[in-house]
Amino acid sequence: MSIHVTVWNEYRHERTDEAARKIYPHGLHAAIASALEQDPRFTVSTATLDEPEQGLPDSVLEATDVLVWWGHMAHAEVADALVERIAQRVEGGMGFIALHSAHYSKAFRRLMGSGCRSKWWEADDRERIFTVMPGHPIAANLPEFFDLPAEETYCEHFNIPTPDELVFLSWFSGGAVLRSGCCYHRGAGKIFYFQPGHETYPTYYNENIRTVLRNAAAWAAPTGKAPAYGKTEPFETESYKK
Ligand code: ZN
């Protein structure tokens, strides 16, 4: 059965900033989607902020198994009601992959429950991404570490909850470190945060990054039934209790 992945992008930088447009002429979402489309397990569609219902009407969200999110300059424009629907879907089992500056998206912060800020700078630092949990499904087919020639630097302290699983740890040539690949579970849903992907670097064309995107989407896909909550009958009978 195919995994339905929806790649959501605010799609503003690529229409207003020449440097971003040059690298991602069809938008970051197109580059991210092209990595996922290489894997026959996925049915991939894209959605952007300026589409009707901010790209995610109920019908789309309900049919989405894994939602990939790239946002930066327009976090505040995302409707609170949509954020709440996303959070509910995640707790019911939908996967959520927050990329790069989506660490500060409303949906990621809602799901984390903390400030989610870090230090950052733009200095064309080299980024070295270490696989620190080599047996994790998101680390499949990746080397011990790999480099991106230039990325925006994010630096600890990164105000996220301690990850349930930390898959990647990054070092930057400007002297920074960051927990850059973090897994969380909320209800039946799985969440992955992955830091690389600033809009003026060709990060989403890097083969290792594209492998991470595919691995993460497969890992985050729903695997079980949404748990039931609230008052219920005892599971054991009176005689068994004695
Ligand atoms: Zn950035």
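Here, the structure is the one placed above.
Residues numbered from 1 in each chain as written. Predicted model: local features only at pLDDT ≥ 70, side-chain atom pairs only at ≥ 80, totals over all residues. Heavy atoms only, no water.

Student: Whenever I open this one, the coordination of the zinc ion confuses me. Can you help?
Tutor: For a metal with four donors in a tetrahedral arrangement, the ideal angle between donors is 109.5 degrees, while six donors in an octahedron ideally sit at 90 or 180 degrees. Only His 100 (NE2), Glu 152 (OE) and His 198 (ND1) from the protein reach the zinc ion as donors, at distances of 1.9 to 2.1 Å. Along the chain, the residues donating to the zinc ion are arranged with the sequence spacing H-x51-E-x45-H. Of this pair, Glu 152 sits in strand E6 (residues 145–155) while His 198 sits in the loop between strand E9 (189–194) and helix H7 (207–220), placing them 46 residues apart in sequence. Looking at His 198, the relative accessible area reads 3%, which means it is buried. (Donors = N, O, S within 2.8 Å, 3.2 Å for Na, K, Ca; no water. Helix = DSSP H or I, 4+ residues; strand = E, 2+ residues; numbered from the N terminus. Buried < 20%, exposed > 50% of the residue type's maximum accessible area, 1.4 Å probe, protein only.)

Student: Before we go on, may I ask you to explain the pattern of salt bridges in this structure?
Tutor: It is possible for side chains bearing opposite charge to pair when their charged atoms get close. Counting across every chain of the model gives eleven salt bridges. The partner of Glu 84 in a salt bridge is Arg 110, and the shortest N-O contact between them spans 2.9 Å. Of the two residues, Glu 84 is situated in helix H5 (residues 80–91) and Arg 110 in helix H6 (residues 106–112); the sequence distance between them amounts to 26 residues. Sharing partners across several salt bridges, the network here consists of Arg 12, Arg 15, Asp 50 and Glu 77. (Salt bridge = Lys/Arg side-chain N within 4 Å of Asp/Glu carboxyl O.)

Student: What is the right way to read H5 from this model?
Tutor: Three- or four-residue spacings in an α-helix give side chains the same orientation, since the helix completes a turn every 3.6 residues. Here H5 spans 17 Å end to end across twelve residues, near enough to the 16 Å set by a 1.5 Å rise per residue. Looking at H5, one finds that the buried residues are Leu 82, Val 83, Ile 86, Ala 87, Arg 89 and Val 90. Axial view of H5: buried residues confined to an arc of 160 degrees, hence all on one face. Facing away from the buried side of H5, by more than 90 degrees, are the exposed residues Asp 80 and Ala 81. Residues of H5 that are buried make contact with helix H4 (58–62), strand E3 (66–70), strand E4 (95–99), H6, strand E8 (176–186) and E9. Taken from the residues just after H5, Gly 93 is the one with a positive phi, measuring 130 degrees. (Expected span 1.5 Å × (residues − 1). Arc of directions from axis to C-beta. Contact = heavy atoms within 4.5 Å.)

Student: Sorry, what's going on with the side chain of Arg 210 here?
Tutor: With respect to the helices, strands and loops of the structure, Arg 210 is situated in helix H7. For the buried Arg 210, no salt bridge is present, and the opposite-charge side chain at shortest range is Glu 207, 4.2 Å distant. Among the polar contacts listed, one links the side chain of Arg 210 to the backbone oxygen of Tyr 204, at a separation of 2.9 Å. Sequence-distant contacts of Arg 210, that is, excluding residues within four places in its chain, are made with Ala 31, Ser 34, Ala 35, Gln 38, Tyr 204 and Tyr 205. (Lys, Arg positive; Asp, Glu negative; His and termini not counted. Polar contact = N/O pair within 3.5 Å; in protein donor to acceptor, adjacent residues only side chain to side chain.)

Student: Teacher, can you tell me more about the pairing of E6 here?
Tutor: Two faces make up the sheet, and in a regular strand the side chains alternate between them. With eight of eleven residues buried, E6 is to be regarded as a mostly interior element. Bridging between strand E5 (residues 119–131) and E6 involves eight bridges; their strand directions are antiparallel. Across the sheet, Trp 120 pairs through a bridge with Tyr 154, a residue of E6. (Pairing = 2+ DSSP bridges.)

Student: Mind showing me how you'd approach the pairing of E8 here?
Tutor: The buried count for E8 comes to nine of eleven residues, which makes it a mostly enclosed element. In terms of strand pairing, strand E7 (residues 165–172) meets E8 through seven bridges, oriented antiparallel. Bridging from a neighbouring strand, Leu 166 pairs with Cys 182 of E8. Taken together, E7 and the strand that follows it, E8, pair antiparallel across an intervening segment of three residues, in which Gly 175 is found at a positive phi of about 100 degrees. Here E8 runs beside E9; their pairing, made up of six bridges, is antiparallel. Note that in E9 the partner of Arg 186 across the bridge is Gly 189. The antiparallel hairpin formed by E8 and E9 contains two residues in its connecting segment, where Gly 187 sits at a positive phi of about 60 degrees.

Student: What's the story with a nonpolar patch on the surface in this structure? I'm lost.
Tutor: On the surface, Phe 130, Val 132, Phe 145, Leu 169, Trp 171 and Val 177 cluster together into a nonpolar patch covering about 460 Å² of accessible area. Among the structural elements, Trp 171 can be located in strand E7. Overall, the relative accessible area of 37% leaves Trp 171 in the partly exposed class. (Patch = residues over 30% accessible without salt bridge, like charges linked within 9 Å, V, L, I, M, F, W, Y side chains within 5 Å. Areas by Shrake-Rupley, 256 points an atom, 1.4 Å probe, with all protein chains shown as cover.)

Student: Before we go on, may I ask you to explain the state of the cysteines in this structure?
Tutor: Cysteine pairs can be covalently joined through their sulfur atoms, and such a bond is termed a disulfide. Applying the stated rule across the entire model yields zero disulfides. With no disulfide of its own, Cys 116 has Cys 182 as its nearest cysteine by sulfur position, at a separation of 9.9 Å. For Cys 116, a relative accessible area of 0% translates into the label buried. There is no disulfide at Cys 182, and the cysteine sulfur nearest it, in Cys 183, is 7.7 Å away. (Disulfide = S-S within 2.5 Å.)

Interpretation in functional terms is not warranted from these geometric data alone.
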